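Analysis of the macromolecular model
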Amino acid sequence: MRSLKVLTLAAAFVGLVSTPKALLQAVTEAPAGFDNLTNGHTDQATLDANRAIFDKREEIDDGLGPVFDMRGCGECHRNPVIGGISQVTDLRAGHFNGTSFIQHVGGSLIQSQAIDPAIEERVLDGNEVRAFRSSLNTLGDGFVEATANSTFTTIRDAQPAAQRGTIILVPVVEAGGSLRIGRFGHKNQHASLLSSSGDAYLNEMGITNLVNGFNNFATENTSNGNSVARFDQVPDPEDDGDDVEAFAQFMRATKAPSRGPITAAAIAGQATFNSIGCAVCHVPSIVTAAPNTLINGGALRVSAALGNKRYHPFGDFLLHNVGTGDGIVQNGGQGTRNMVRTAPLWGVRTRNRLMHDGLSLTFTDAILRHGGQATTARNNFTSLDSTSRANLIAFLRSL
Amino acid sequence: MSLRRSPFVLLAVLVATAAVAAVYLRRPPAQPNVEESVPAPLPVAEEPGPPPDFRPAHPEEARAAVQRVLGDVIPLETVRAHAALVGDFNGDDSPDLLVPLRPLEEKLAALNDLELANWIVQDASVPALELEADPSPKPALVDKGDLLLAILHGYGSAGWRSPEARQVYLLKVARHSELSVIKRDEVKAQAAERKQRWPYLRGDLVRELGHDRFLYWTGGRYVWHDPAAAKLAQAPAPPKEKAKAKP
């Protein structure tokens, strides 16, 4: 009998050492906190250096503009710490011809500033579709990027048909346009933080750049379709790729937004949140891919700090029509015109203007605005007694 | 030879195990997992359902719908059900209901309970994009004597008659004369013919009889649009007067 035990133990040991190392790493909690500390993806000094680049105010000599929204990433992503949210909004515009959205000449993003009054962009006549979009959180986005495509398809497939999210595939610029499930931006227009950084550097700050050597964002914007070349003193690309790499590395190394005090009411509220159907789309937990997994079309390997981590976004990173769509189309085709990405609710207590357009000023208001695919969950909310509602709001205030 | 009686066999097993482990640990790292690619999703297309029910609202139906979504905060005697209108005001192809009502003073506290209300109060007189650009917006509240337009958004083809239809907006409108619904497509066609500029019309419009202004859904709220005022605002500014010398 004893021999049998020894043999069993030996077999187990052989099995153990034969298992790929990545699978042996247990899933652990993703670090969370608004504390400016690294999640381990880079060391602290590197994170601090990258944060400084992320927060740097660009000047005209750096290539700022000629048309732009803000001077640095940190101007829109800074509450309560650099990388967080803000109430700064983008303006997008275009025209709906009855069947399709046609973006504004020069692109749907209407830059709000310019280095010369002669090139200030404005919405031109005939572009009646107009929408403000609030600035998104980027803290913890490394975990979102490190989430495998298959995880999102699993989430989608588990959703009831009436609430099922929509997946779009978008090009990963640094992988030469290889397609991956979009997960960043209000319209899921990006799948990688490097692509997203390059896009934002060009379109929000007017800094032309290379992304891993690719020149997708190396051509200057226009002002309402007119060239701004005579105002631009810096040859393109204005960033050879170092800055966008620093932005991406900064976001990858940030901790996820942390929870506030979790009271008894918040605990009860989360149970209600789950039971009335909010959690179908505001998914509480997601696990990243194993360390060493090649993602982003092979352009990035999931680091040990980001792999096999459970994070709590309270979002599914899928597109839905909840009756509040803005009519804008980006990467997802005309069918996504009135869809928006489920707002991840992590860190939502740092916002006082809610929803993608910032038009909801209270949590209740935001919930009541949900329609379309969220109708059932909203109706369940309206049927709650006052205690359950208060608990649910307490839960949201703890996120 | 029995295993029980042979410690050498046990030792051999352990040595073999250790050897396997040593070989494993010294071998080059395994190839990384590669994220699965995903087949291109099918184009998003909404399945056609039964035709939407745009029948006019019978006053009793309208009162019942108001009671369903607003309960006791709006006593039925304050509901002007005979003036109810039906249209697709938010442009989701589901019939919506509009009902004027004037709340009672003793219900104002309940109506303005921003945390527990099941309705959204909006001031339709704030122009589109003004609230969005306001750095410190304040929630709209119902005041004593306000006339409200309740708009109940429909659900599915049954629209506002569906028990699932419970999303309701209470619009402060200050005043209004008799209202009528104008279909979005009709307005668009007229505007195109006259080369008029209009806001993005997602749904049907509510127009005051005898006035040009109309109520429309921006995607986030209802606002009044006055074409005459908009035209005036877009007209070239008059020449500035010369500055007077300071005394």
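Note: the structure precedes this text.
One structure accompanies this document, and this report is about it. (Residues numbered from 1 in each chain as written. Chains lettered and ligands numbered in written order. Predicted model: local features only at pLDDT ≥ 70, side-chain atom pairs only at ≥ 80, totals over all residues. Heavy atoms only, no water.)

Moving on to the sheet that holds strand β4 (residues 101–103) of chain A. Residues and elements named next belong to chain A. The 3 strands are arranged β4-β3-β6 in an open sheet whose pairing can be described as antiparallel. Bordering the open sheet on either side are β4 and β6 (129–135), each of which pairs with just one other strand. Strand-to-strand twist of the sheet, defined as the mean angle between neighbouring strand axes without regard to direction, takes the value 45°. Across 7 bridges, strand β3 (residues 86–96) lies against β6 in antiparallel orientation. The partner of G94 across the bridge, within β6, is V129. (Pairing = 2+ DSSP bridges. Helix = DSSP H or I, 4+ residues; strand = E, 2+ residues; numbered from the N terminus. Axes fitted to C-alpha atoms, helices over the stretch in contact; angles between N-to-C directions.)

Turning our attention to the nonpolar core. Core analysis: the biggest nonpolar cluster contains 43 residues, and F54(A), F152(A), F247(A), I286(A) and Y311(A) have the highest contact counts within it. Elements that contribute at least two residues to this core include exactly α3 (44–55), α5 (141–145), α6 (149–158), α7 (193–205) and α8 (242–253) of chain A. The element that contributes the greatest number of residues to this core is α8(A), accounting for 6 residues. Those residues in contact with I286(A) that lie beyond four places of it in its chain are T147(A), T151(A), F152(A), I155(A), K309(A), R310(A), Y311(A), P313(A), G315(A) and F317(A). If you look at the next biggest cluster of nonpolar residues, it comprises 37 residues, including C278(A), L384(A), L85(B) and Y169(B). (Core = buried A, V, L, I, M, F, W, Y, C linked by side-chain atoms within 4.5 Å. Buried < 20%, exposed > 50% of the residue type's maximum accessible area, 1.4 Å probe, protein only. Contact = heavy atoms within 4.5 Å.)

This next bit is on the pattern of salt bridges. Pairing is possible between side chains that carry opposite charge, provided their charged atoms lie close to one another. Enumeration over the complete set of coordinates arrives at 25 salt bridges over all chains. For D48(A), the salt bridge identified is with R51(A), shortest N-O distance 2.9 Å. Of the two residues, D48(A) and R51(A) both sit in helix α3, 3 residues apart, roughly one turn of that helix. On the basis of relative accessible area, D48(A) is assigned to the partly exposed category, the value being 33%. The partner of E35(B) in a salt bridge is R180(A), with the nearest N and O atoms 2.8 Å apart. (Salt bridge = Lys/Arg side-chain N within 4 Å of Asp/Glu carboxyl O.)

The next subject is the packing of aromatic side chains. Geometry of an aromatic ring pair is reported as the spacing of the ring centres plus the angle between the planes. All names here are of chain A. Summed over all chains, the structure comprises 14 aromatic pairs over all chains. Relative to F250, the ring of F54 lies with its centre 4.6 Å away and its plane at 40°, an arrangement referred to as tilted. Of this pair, F54 sits in helix α3 while F250 sits in helix α8, placing them 196 residues apart in sequence. The pair F54 / F250 is uniform in exposure class, with both members buried. Measuring from ring centre to ring centre gives 6.2 Å for F273 and F314, while their planes differ by 80°; the resulting arrangement is edge-to-face. Remark: F314 occurs in the loop between β14 (309–311) and β15 (319–320) and F273 occurs in helix α9 (residues 264–275); sequence separation between them is 41 residues. A single burial state applies to F273 and to F314, both of which are buried. An aromatic cluster is present here, built from F54, Y201, F247 and F250 joined pairwise through their rings. (Phe/Tyr/Trp six-rings, centres within 6.5 Å; stacked < 30°, edge-to-face > 60°.)

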